[in-house]
Every structure is written in structure tokens, then in C-alpha cells.
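This is what each chain is made of:
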Amino acid sequence: MVALSVSRSASPARDRAAALVKWRRNWPAALSLLPAAIIVAVIYLGTMLWTVMLSFTSSKTLPSFEFVGWAQYNRLFNTERFTASAWHILIFGVLFVAFCLVLGFLLAVLIDQKIRFESAFRTIYLYPFSMSFIVTGLIWQWLLHPELGLEKAVRDLGFTSFSFNWIVDNDKVVYTLVIAAVWQASGLVMALMLAGLRGVDAEIWKAARVDAIPTWRVYVSIILPMITPMIVAATVLLAVGVARLYDLVVAMTKGGPGISSEMPAKFIMDNFFERANVGLGSAAATVQLVAVIVALAPWVYLEHLRPRRRSR
Amino acid sequence: MGAVSVRNVAVGFGDVAVFNDLSIEIADGEFVVLLGPSGCGKSTLLNAIAGLLDVNRGQIWIGGKNVTWSEPKDRGIGMVFQSYSLYPRMSVRDNLSFGLKIAGAPRADVETRVARAAKMLQLEALLSRKPSELSGGQRQRVAIGRALVRDADVFLFDEPLSNLDAQLRNELRVEIKKLHLELSSTMIYVTHDQVEALTLADRIAVMKAGIIQQIATPHDIYNKPANTFVAGFIGSPRMNMIEGRVAKRGDGWTFDHAEGSVALGRYPFAGAPAERAALLGVRPEHVDLGQSSPERHGATGTVAIVEPMGAETIVWSQFAGKPITLRVDGDSAVRLGDDIAFNFDVARASLFDASTGARL
Amino acid sequence: MSAVAVPEGRRPHRLSLARIGVYALLVAIALVFLAPFYVMLVTSFKTMDEIRQANILAVPQAFTTDPWVEAWSKACTGLACDGIGVGFFNSIRILIPSVIVSIALGALTGYAMTFYRVPGANLGFAVLLIGNFIPYQVFLYPMVRMFSAIGIYDSLAAIVVVHVIFGLPIMTLLFRNYYGALPIELFNAARVDGASFLQILRLVVLPMSLPILVVAAILQVTGIWNDFIFGLTFAGRVNRPMTVLLNNIVTATNGEARYNVEMAATLLTALVPLTVYLVSGRWFVRGIAAGAVKG
């Protein structure tokens, strides 16, 4: 009895002492993590919450604390500019990711064929990725210029009835954005896929050769399933780019003609700064946030939270 | 059907020649092991036979057909690789049947072949698992199965057991031997492990630097090594090598070494004996402890090191001024510092030319 | 008996259709990738007359470097018409402190997280990673208000801080992954020798960090130079980076657009990251891969 009570009162003191030692040893580490902690708390969490809060207010040019419930959201979903932008980004996103994956994979497979000048080809496919979206947007705006651009060049070559005025066509302008974005980003997908392809063991290729499996079939049935993690990583990266789409739109079409290529990010920025509709912009930003979280959740769950089986 | 003939073949990459003029004949149903240290060209030779590598010169014949220009799939071969060669995202059943399905084999045919291979290799319980769910030994059995379903005439093994731990290696070795007994197909097996070579082969081809040093039955390789390299490569612990000279003494020949002579009357010379500097090779297991007898050569020494290994003990003593090892029974009472007598039979020894290393 | 070649030696090397197809495809796609750059280049050396009359693919007949001069020193970038050269120096002034501070903070944070146990660090890191996926607009307006309140809005400090903030997730990820792969024995040996937190960082970890520092530098230089949205929002009139000025040149045009000047300005803006890309070669790809593969 006595022994038990003695040990019970001794251990809390010992625990506290142990905690103090750990704290004393690790305090420089904790201190150096302070800037990161502040950033996480104030910016990543704080401003996000503030934006959500603002979406429930009647803020116009400056923040106000007049809470109006769901009014901004009502207004938002009745604003054609916004609903159009949501629709546009969906089309853009699907086409952009699909074409980038296909083209990137194709390029990686071609380069994987033990070709000469591999370095040169890789450099050519990846250089657009090193440039700003503004630069890309301006180049393609010029290239697709209805009178002086590609249309005229092809006509001069003899195809006098060729027309390519998508950039001023209400229905087709989003596709021009896709073209420019795919040009910029396919190289990235190619680089990732090539790394994946190169990671495939040479013995699998040998075995397939002995098994008489044609090369294309090897890629489709054996290699493609093996590089699924790379494909997922590429898709995630591309999707993040889609959510952030602003620079390209501003440079290439400014959301036009009219609102035919309006995008959510541009809508938000316009409402924050030019149109002085902070509340409305915040509501749009919050919708964007929710959409991203909803899209991210399954991936985060699959990657990090589901109990993994030990493989190999 | 499954005879393999390699005729004057040269293989190299760019300026580097792996071998220049290599020939080897393998009979139908024979189990030949290509044995040698890393870089000796054994894997290269195997890949050339398989058609995975081009030969620069020469011809390769399989089953009476010239296959020098044929693709691997047209050579009638099945191949088992070292590791990581199973299709990772397919089940075992799919791994086994994929090649057949691609070739358009009828479903019933595919099923029978897969079933037969699975039975032979005890894979029936594992057919729906993926490679990542199998142990190393199971994976290699699937790899063997994949070669099996091809109904090939020749099976090529590229160091299939090297990545397994010792216990598994022993188990699978026996399975491969049983497989050969059941199928009676030609098998060409590459390894650097002499135990695998000695236990599995009908004949062993010992290779070094792209040249076949000796191709013979395990018994001959072990007892009559063709040169110092083969003698040193096979047998653990290594064969004892004693420096000296072959000299004529009266009517017979002797081997004169730093501290005496060994009569060579019982030694089976390959050709006419001549005086020359030579090496006398005696395997530790052929050196007996105890007093000599008329037919054997005796010597004495003190025990310098004792290495108990359980079933046997390695004893280090001296002979001709140099260390000599002998293998004694594990229960022997030999201790450090003991004075011992030992003896060996020259008839079981090997004599090598000191400069060329060739067997005399 | 027909004279059929006896197969021996090397297989006859038939340039198969498939092989030709591969190269044809690669070259065709390469041309498509290069075309825009080519067009940019030739346009920037043409006169406006030529642009109007000929087509975009034509080589300049009356080669002139005037557009470049005009783009650098005379183009109208909003209210002022001082050319985009101003933006070049602004971008440099933004770039250098941003790159240095963001890499330093990332290295410090990665180091602290890898080798020391600090409660809550992993959670914070998870928030950082998730936050990295969230579009900037969600954070933007409150940040503007915050900087206004502190009084640094529209200044160089503001834009540098912003770049540091939004570079933190990827920088920390890079360094954390890299340091996590270093042998722990080095660290333990230094601890046993009595080295302090900063000493270990300075004397053991940093000297081994060269590869990842290069990768981080490439990522940051490219990302920060190419940034538009933060420069637009936080840099203020005096510090506008090149990308913002470039956009202004194109948007603020009254009358006919001077395409040759615009293309010259575009090329000037693309010059720095393109050079980094061409010089860094493999490192650039390594940077992308390191940033793309999470843990």
C-alpha cells in the first residue's frame, strides 16, 4: 500500500522533469518552426476563415461586418458571369487534363523507344513549361489572331477557305485556352511519365519479349497499370493548375469575347478589385474552396488515410 | 528437338568484346550449367542464345534450326530471370496465361497448360494472387511456370536463385532438379554458385573472361580440373596449391618442393611428363589425418588454426613451407598446437603447369 | 537451291516502318511545339507593314531591331511609357530576396521537422500541403487588408513576404524529403560531438544540401519570375514585375496593336526563365519530379 502511493506521487514529477528536458533540447527547433507556424495559422487558416466569413457579409469596397446570411450566394448563383465561368472551367479542366495526359504519355512512350537526340526532343517538349502563363497567353493570342495569325498563314499557303477564328467565337474560345494550356503543360506530364517508364525493370521487357507480346500491348496492359501512381500525381498537379487558372485567361482572352471564356478565378479577382464587390467575390472564393476540397477529399483519403497493405 | 549449338559466336558492345569465338554443343535433354564469376560472359551467352542480344559473328542453332536471326519468341525457348520479371499488376494466373492469350491460343488449351504448370510447381493455391502478395520463392516458381506453359524445347535460367535466401535457394534447387527429371527438356542454367552447378548439372561449363575453361561432368570438374582457375573456383575450402618442379628421378618422376619431394608414380599424367615448374593441387578433403600408407604421401606439421564447422573441422597446418588445409571429422580431437601427421594420394591430386595453369 | 542468305552474325538492320513512324511523329510534334516560339521571334524583328502584309510564318524581309529597343525603353506600360526594361529590374529586385528568404525558410523548417520532434509539426505540415492545393483567391483579399493595416501594402516587402508564404509548402516538402533521406548517423554523430541546433545545420546538413538547393533555386526562380497574380496585387506601382508590365503593354493599347513590340516584350520577359531552363537541363526535371511526388 505504502509503496504504491509513493510510486504514484513520484511519477508525475518524473514525467514533468522528462518533458522539461525534451523541451529544453528541442526549443531551438520549435523556435525555428515559429515562422512556419505563424504562416500556417494566420495565412492558410486565418485568411481562409476570414474569406468565408466575408462571404456572409454585405462588403462592397471595404470589409463590413453587416451579416446578410446567404444573400451573396443567392446573388452569385444568379449572376450569369459566375455560372458561365463554372461551366467554362469544367469544360476546360476536363479537356485540358485529358489532352495533357494523353499527349504527355504518348511523348514519353515515343522517347522511351531508345531514340537518338533524346535530349533535344525532351528540351523542346518541356521548354514551354518554363515560361509564364502570361507569355503563353500572349503568344497564342497572337498566333490565333483572326486576321493576321494562323488563319492568314494557312490561307497564304493555298487553302483559301481555311478559317480559324475560334478565339473570337463565343462557343469555341474556351478550346483555344485548352490548346494554349496543353502546349504549356504537356511537357510536364511527359517528364513525369518518362520517369515512371524508366523505373520499369528491364527484366519485364525481356520477359515480354520472350512471351511474344507486341510492344504496344506491353505498354497498355503491363506498363500503364504500373505507372498509375505517376498518372495520379500528374493529374493532381494538372488539376491544381486548373483551379488556379487566371494568368492565361487574362493574357489570352480577358474572359471574352463577352463572357465566353470567363473563369472563376478571374471573376473573383474582378469582384475584389475592379468591381468593388468584396462580399460577392468572397462568396465565389468560398465556393471555389469547397469545390477544391470536395475534389481533393477522395484523393487524400486514398493516399493517406486508408490503412495501406504492405506491398513487396 | 532441343539440342542447342553455338558456333563460333562473338558478342560485344561497341568496342568491348565479351567473347570472340565461343562454341558449345548441348545435347537434347541435357542440363548444362554456365558457371563463372561476375563478368565472365555467362549471362551474355545466355541472352545471345535467347535472342535478346545480337551476335556479331557466328551462328546459333536450336533444335536443328538456324535461329541466329530469329526473335526470342520464335526460338522455342522459355526463360526464367533473376527477379522482378513478373507482370506486377496481373494475377498469377494472368501472368502465366498472358503470352498464350496474346498468341491467340484457344481457351481450353490455355487452361490446360496453366493447370499443368500450376500443378507441377504447386501454384494452385496462389493463382488469384498478385506478385506483390507472394514470397520470393513463390514468385520464382511463377516465373518458372511462365516458361513452362510455353511448352518450350529449351529452358534458359538466368541466375534464378541468386536473390533468394539460403534456405529458399536449397528448396527451389531441388524443385528445379525434379522439374528436369519430369520434363527431360534441355536446360541451360547460369549461376555463380558452385553448389547449384554441382548439384543440378549434367555438364558444367566453367567460364572466365569470355572463354570456356572446361566443360565436363561435375565429377570431372571436381576431380580433374583442367586448369588452376577451375581448380580454385570449385571446392570449398579452396584446393591447396603447392609450388615446386616436376623433375625426372631415375626411372620415375617426382615433384620437388621447398622441403622435399613427392613421388609422382601414381599420378595420371595427361600427356608425356616433362621437367618444368609446376603447382601440385590437393583438395583439403583428400588430405587424411594420420600415418601414411605405401600408396600415399605422408608429412607432418603442427596445427596452426582450427576452424570448427559443426559436421567437420578445417585444420590449418604446414606443408612445403606453406599453409595447408585439411578437412577432418567434426568429432576429431585435434587441438591448436598439436603435432599431427597427414597424408594424401597423388592419384587424386592435380598437377598444373606453373606458367600456363594447364593441367599436366 | 535459291541463294538465301545463311543467317549468321548480326541481324539485318531493317529500318522498320514503326521506327520511321516514331521519328516522324516526334519531329512533327516538335515542330508544333517550336512554332509559337519561332513566330514570336520572327514577328519581333519585323516592321508593322510587313506584319500586316505577309503572314506570321514568313521570315522578316526588312529585318529590324527597332521593336526590341522600343519594347525595352519606350513601350507604354500603363501611365508611364518607359518600356519593359523597368519591369526587368523590378523583377530582379523582387526575385533575389524572395528566392533567398523562401529557400532559407524552407531549409530551416525542413531541417527542424526532420531531425527534431516538435509537437504539432506534422499537423502543421499537413495543413501546409493541403493549403498548397487551394487556389490563391481564397487567401488573397484578407491578405491585402492585413498588409494595408500593417502599412506595407504596395511595397517590395509585401510581395517578397507573399512569395515566401506561398513558397513555403513546396520548399518545406523538398527539404523535408531530402533531409529525411540523409543517413541519421551523421546527425547523431554530430549530436554526440556536442554540436548545437544551428551548428549541425551549418556544419553538417547545409554542406550536404547542394543538390536540393539547386533544385529549390530553379523552382523558385522560375516560379517567382513567372508570377503574375501576386505581382499584380501586392507589388504596387513602383515595383511591378515584368509579367505585369507585359500584360499592360498589350491591354493598354489605344489604336492598333504594335505586334512586333509586343512580341519583343514577350521574349524579353521569357528570357530569364528560359535561360535558367536551358542551362539547368536535368536539374529542371528533377525539380518538377521532386515537387510532384509527395513523400
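Residues numbered from 1 in each chain as written. Chains lettered and ligands numbered in written order. Predicted model: local features only at pLDDT ≥ 70, side-chain atom pairs only at ≥ 80, totals over all residues.

### Some words on the overall build of chain C
Along chain C, the regular secondary structure elements total 14 helices and 0 strands. The order of helices and strands in chain C, counted from the N terminus, is α-α-α-α-α-α-α-α-α-α-α-α-α-α. Against the globule reference of 19 Å for 295 residues, chain C gives a C-alpha radius of gyration of 26 Å, more extended than a compact globule. Out of the 295 residues belonging to chain C, those deemed buried represent 43%. For chain C, the proportion of contacts with a sequence separation of at least 24, taken over those separated by at least 6, is 73%. (Helix = DSSP H or I, 4+ residues; strand = E, 2+ residues; numbered from the N terminus. Rg over C-alpha atoms; globule rule 2.2 N^0.38 Å. Buried ≥ 20, exposed ≤ 12 C-beta atoms within 10 Å, placed from the backbone. Contact = placed C-beta atoms within 7 Å.)

### Things to note about the domain arrangement of chain A
All names here are of chain A. On domain assignment, one finds that chain A holds domain 1 (17-71) and domain 2 (79-305). Facing the 11 residues of domain 1 at the interface are 9 residues of domain 2. Residue composition of the side of domain 1 that touches domain 2, grouped by class: 4 nonpolar, 6 polar and 1 charged. (Domains from an automatic or database assignment. Nonpolar A, V, L, I, M, F, W, Y, C, P; charged D, E, K, R; others polar.)

### Topic: the domain arrangement of chain C
Residues and elements named next belong to chain C. Its domain assignment divides chain C into domain 1 (17-64) and domain 2 (85-292). Summarising the inter-unit geometry, the C-alpha centres of domain 1 and domain 2 are found 34 Å apart. Taken together, the contact pairs 7 residues of domain 1 with 7 residues of domain 2. The element contributing the most residues to the side of domain 1 that touches domain 2 is helix α1 (residues 17-44), with 4 residues. A per-class count over the side of domain 1 that touches domain 2 returns 4 nonpolar, 2 polar and 1 charged.

### Here's the deal with the pairing of strand β11 (residues 240-249) of chain B
Residues and elements named next belong to chain B. Judged from the 7 bridges that link them, β11 and strand β14 (residues 276-282) form a sheet pairing that is antiparallel. Considered in β14, the bridge of G244 is made with A278. Where β11 meets strand β12 (residues 252-257), 6 bridges bridge the pair, whose relative direction is antiparallel. By the bridge assignment for β12, K248 is matched with W253. What sits between the antiparallel neighbours β11 and β12 is a turn of 2 residues, in which G250 has the positive phi angle 65 degrees. (Pairing = 2+ DSSP bridges.)

### With respect to the sheet that holds strand β15 (residues 287-289) of chain B
Residues and elements named next belong to chain B. If you trace the 3 strands from one edge of the open sheet to the other, you get β15-β20-β16, paired in antiparallel fashion. What marks the edges here is a single partner per strand, and that holds for β15 and β16 (297-302). Averaged over all neighbouring strand pairs, the angle between strand axes comes to 35 degrees, with direction disregarded. Relative to strand β20 (residues 339-344), β16 runs antiparallel, the two sharing 6 bridges. Within β20, the residue paired with A299 across the bridge is F342. (Axes fitted to C-alpha atoms, helices over the stretch in contact; angles between N-to-C directions.)

### Side note on the environment of I89(A)
Residue and element names in this part refer to chain A. Position of I89 relative to the elements: it lies in helix α4 (residues 80-111). I89 sits in the buried class, given 26 other C-beta atoms within 10 Å. Taking C-alpha positions, I89 is 8.7 Å from V174, a pair spaced 85 residues apart along the chain.

### Here we look at the sheet that holds strand β18 (residues 312-319) of chain B
Residues and elements named next belong to chain B. Read across the open sheet, the 3 strands follow the order β17-β18-β19; overall the sheet is antiparallel. This sheet does not close on itself; its edge strands, each paired only once, are β17 (305-308) and β19 (322-329). Between one strand axis and the next, the sheet turns through 25 degrees on average, direction left out of account. With 8 bridges connecting them, β18 and β19 associate as antiparallel partners. Within β19, the residue paired with Q318 across the bridge is P323.

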